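Chain by chain, the residues run as shown.
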Amino acid sequence: MFGNVFQGKRVLVTGNTGFKGSWLTVWLLKCGADVYGYSKDVPTEPAMFEVAGLREKVHHVFADIRNKASFHDYLHEVKPDFVFHLAAQAIVSKSYTEPFDTVTANVVGTASVLDAVKSVDWDMTVVMITSDKAYDNVEWIWGYRENDVLGGKDVYSGSKGAAELVIKSYWHSFVKKMDNIKLGVARAGNVIGGGDWSADRIVVDTVKAFAAGVAVEIRSPQATRPWQHVLEPLSGYMRLAQSLHDGMVTNGEAFNFGPRAEQTKTVMQLVCDIARNWGMEEKEAVRITGHVPFEEARLLKLNCDKALAYLGWHSALRYEQTVDFITEWYKAYYDGYEDMFGLTERQIQRFVETAKGEGLAWAE
Ligand SMILES: NC(=O)c1ccc[n+]([C@@H]2O[C@H](COP(=O)([O-])OP(=O)(O)OC[C@H]3O[C@@H](n4cnc5c(N)ncnc54)[C@H](O)[C@@H]3O)[C@@H](O)[C@H]2O)c1
């Protein structure tokens with residue numbers, strides 16, 4: 001898969017202790033990469049980083065991405081072939097309680113990475129991960145395209161839009177003149193999957209409640225989301241890295257990685273489907289509390305035609321498979337299954353097989 005481009009390569013993942021970073025680490029290890037990590041902390045308790053035993057499987061430092069000198073030195077010590085930049089304050093609710101920290105982690109942190117990149121004298125491919133929230137959300141029904149206006153009315157979205165401007169300006173001022181650097185930007189939306197324990201996420205609240213044998217409390221059962229498994233955008237990030245490395249796509253561009261339209265379901269349906277897989281009676285599984293708006297107000301959809309045209313990428317799993325993957329992972333964890341690294345690897349393998357069945361070239 002991915003043309004074996006990661007085999008035997010040094011790959012640095014910032015934010016490697018987080019939800020996406022942990023899944024990416026397992027996948028890179030499976031591809032034969034030597035993985036290095038740079039993260040401030042282990043963001044949750046429990047955390048997939050610990051549950052899957054990743055601490056023992058990667059080279060890793062705990063340090064702040066805003067510390068320019070520290071990141072510069074680590075980059076030069078590791079001399080990676082690939083960098084995936086995921087370190088960020090990624091929780092929207094926290095951006096309301098810690099707005100300044102969110103801005104510095106997401107904007108100054110991005111500048112730290114790029115400032116170090118401009119001093120690199122070896123060949124390196126960099127994928128900068130931002131978010132679908134980088135787009136100025138005008139609440140229309142159409143999917144946002146890579147050339148739409150960036151912005152953000154809340155601090156988290158603003159910090160992601162600002163990170164994009166920092167990337168663009170470093171790219172034009174420095175990086176595009178460097179023959180040894182390939183750089184791309186990846187924008188994806190909310191993801192779900194086993195191994196997430198972040199605050200204020202419906203799947204996390206659901207599996208925690210079910211593991212305790214109680215109903216999950218939900219406020220907006222009719223809110224809809226385009227549910228996307230974490231492996232979907234990760235396959236996009238890795239495909240983008242491969243394509244940049246092999247000179248198959250234009251250097252310095254952004255790509256959207258979003259789910260198919262039919263993945264959009266209500267919160268109620270997702271919770272009930274997890275309940276059924278978990279072996280809970282639907283009527284015991286959900287308690288609706290508070291105000292119940294009929295529909296989720298904020299529409300934000302990505303148009304992924306560019307990723308399909310230039311990377312041959314689209315998402316692979318059907319909604320039912322996404323739910324199966326999630327339930328299997330958390331149920332195994334809460335039932336005390338010990339080899340969560342092995343289970344994660346097997347889910348990645350099944351994902352790759354599904355992608356092959358869909359004819360996706362990266363999976364060959
Ligand atoms: N999870 C999602 O649904 C989602 C959706 C869109 C975009 N993203 C983006 O993907 C990336 C990863 O998200 P995630 O869900 O894995 O987040 P997470 O909260 O699970 O993990 C965040 C990671 O960043 C590290 N980090 C945070 N602040 C740091 C700092 N100042 N210095 C060094 N490390 C720091 C943490 O230690 C952790 O490793 C983020 O850029 C996030 O904004 C996530």
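To keep things clear, this report deals only with the structure shown in the data block. Keep in mind the model is a prediction, meaning the values are calculated, not measured.

Thoughts on the packing of helix 8 (residues 231-245) against helix 13 (residues 340-357)
To characterise two packed helices, one gives the angle between the axes of the helices and the distance between these axes. Two numbers describe how helix 8 lies on helix 13: the axes approach to 11 Å, and their chain directions differ by 70°. Here helix 8 lies roughly perpendicular to helix 13, going by the angle between them. Across the interface between the two elements, L231, E232 and S235 from helix 8 touch Q347, I348 and F351 from helix 13. Of the residues belonging to the contact of helix 8 with helix 13, the class tally is three nonpolar, two polar and one charged.

A word on the site of the ligand
For the ligand, the set of nearby residues contains 28 residues, the closest of which are T17, D41, I65, Y156 and K160. The side chain of Y156 places a nitrogen or oxygen atom 2.7 Å from an oxygen atom of the ligand. Here the ligand, which alone exposes 830 Å², has 96% of that area covered by the protein. Of all the secondary-structure elements, those providing two or more residues to the shell around the ligand are helix 1 (19-30) and helix 6 (155-173). Per-class residue counts for the shell around the ligand are 12 nonpolar, nine polar and seven charged.

Thoughts on empty space enclosed by the protein
Scanning the model with the defined rule gives one cavity of 30 Å³ or more in all. Quantified by volume, the largest cavity comes out at close to 40 Å³. Taken together, H85, A87, A88, N106, T110, I129, T130, K160 and A163 make up the lining of the largest cavity. Counting only elements with at least two residues in the lining of the largest cavity, the list comes to helix 5 (99-117) and helix 6.

Some words on the layout of surface pockets
By volume, the second largest pocket amounts to about 310 Å³. Broken down by secondary-structure element, the contributors of at least two residues to the lining of the second largest pocket are helix 6 and strand 6 (181-188). For the lining of the second largest pocket, the element with the highest residue contribution is helix 6, accounting for six residues. Its residues placed into classes, the lining of the second largest pocket shows seven nonpolar, three polar and seven charged.

What about unusual backbone geometry?
P46 follows E45 through a cis peptide bond whose omega is 0°. The residue P46 is located in the loop between strand 2 (34-39) and helix 2 (48-51) in this model. A positive phi angle, close to 60°, is found at E139, a residue other than glycine. As for its placement among the helices and strands, E139 is situated in the loop between strand 5 (124-129) and helix 6. Under the relative-accessibility criterion, E139 is labelled partly exposed at 39%.

Focus: helix 13
In this model helix 13 runs 26 Å from its N-terminal to its C-terminal C-alpha over 18 residues, within 8% of the 26 Å that 1.5 Å per residue would give. Among all positions of helix 13, only M340, F341, G342, L343, T344, Q347, I348, F351, V352, T354 and A355 are buried. Elements that come into contact with the buried residues of helix 13 comprise helix 1, helix 2, helix 8 and helix 12 (319-334). Downstream of helix 13 by one or two residues, G359 has phi in the positive range, about 80°.

Quick look at the nonpolar core
Judged by nonpolar contacts, the single largest core of 87 residues is most densely connected at F6, W27 and F84. When neighbours within four sequence positions are excluded, W27 is seen to be in contact with M1, F2, L231, L234, S235, M238, I348, F351, V352 and W362. Ranked by size, the runner-up nonpolar core spans 32 residues in total, among them L12, Y74, L75 and V175.

Conventions and cut-offs
- Residues numbered from 1 in each chain as written.
- Predicted model: local features only at pLDDT ≥ 70, side-chain atom pairs only at ≥ 80, totals over all residues.
- Heavy atoms only, no water.
- Axes fitted to C-alpha atoms, helices over the stretch in contact; angles between N-to-C directions.
- Helix = DSSP H or I, 4+ residues; strand = E, 2+ residues; numbered from the N terminus.
- Parallel < 35°, antiparallel > 145°, perpendicular 65-115°, else oblique.
- Contact = heavy atoms within 4.5 Å.
- Nonpolar A, V, L, I, M, F, W, Y, C, P; charged D, E, K, R; others polar.
- Near = heavy atom within 4 Å.
- Polar contact = N/O pair within 3.5 Å; in protein donor to acceptor, adjacent residues only side chain to side chain.
- Areas by Shrake-Rupley, 256 points an atom, 1.4 Å probe, with all protein chains shown as cover.
- 1 Å grid on protein atoms, 1.4 Å probe; cavity = no way out; pocket = protein on both sides within 12 Å on 5 of 7 lines; lining within 4 Å.
- Points joined across faces, edges and corners; volume = space filled by probe spheres on them.
- Buried < 20%, exposed > 50% of the residue type's maximum accessible area, 1.4 Å probe, protein only.
- Expected span 1.5 Å × (residues − 1).
- Core = buried A, V, L, I, M, F, W, Y, C linked by side-chain atoms within 4.5 Å.

Limitation: the analysis is restricted to geometry and does not speak to function.
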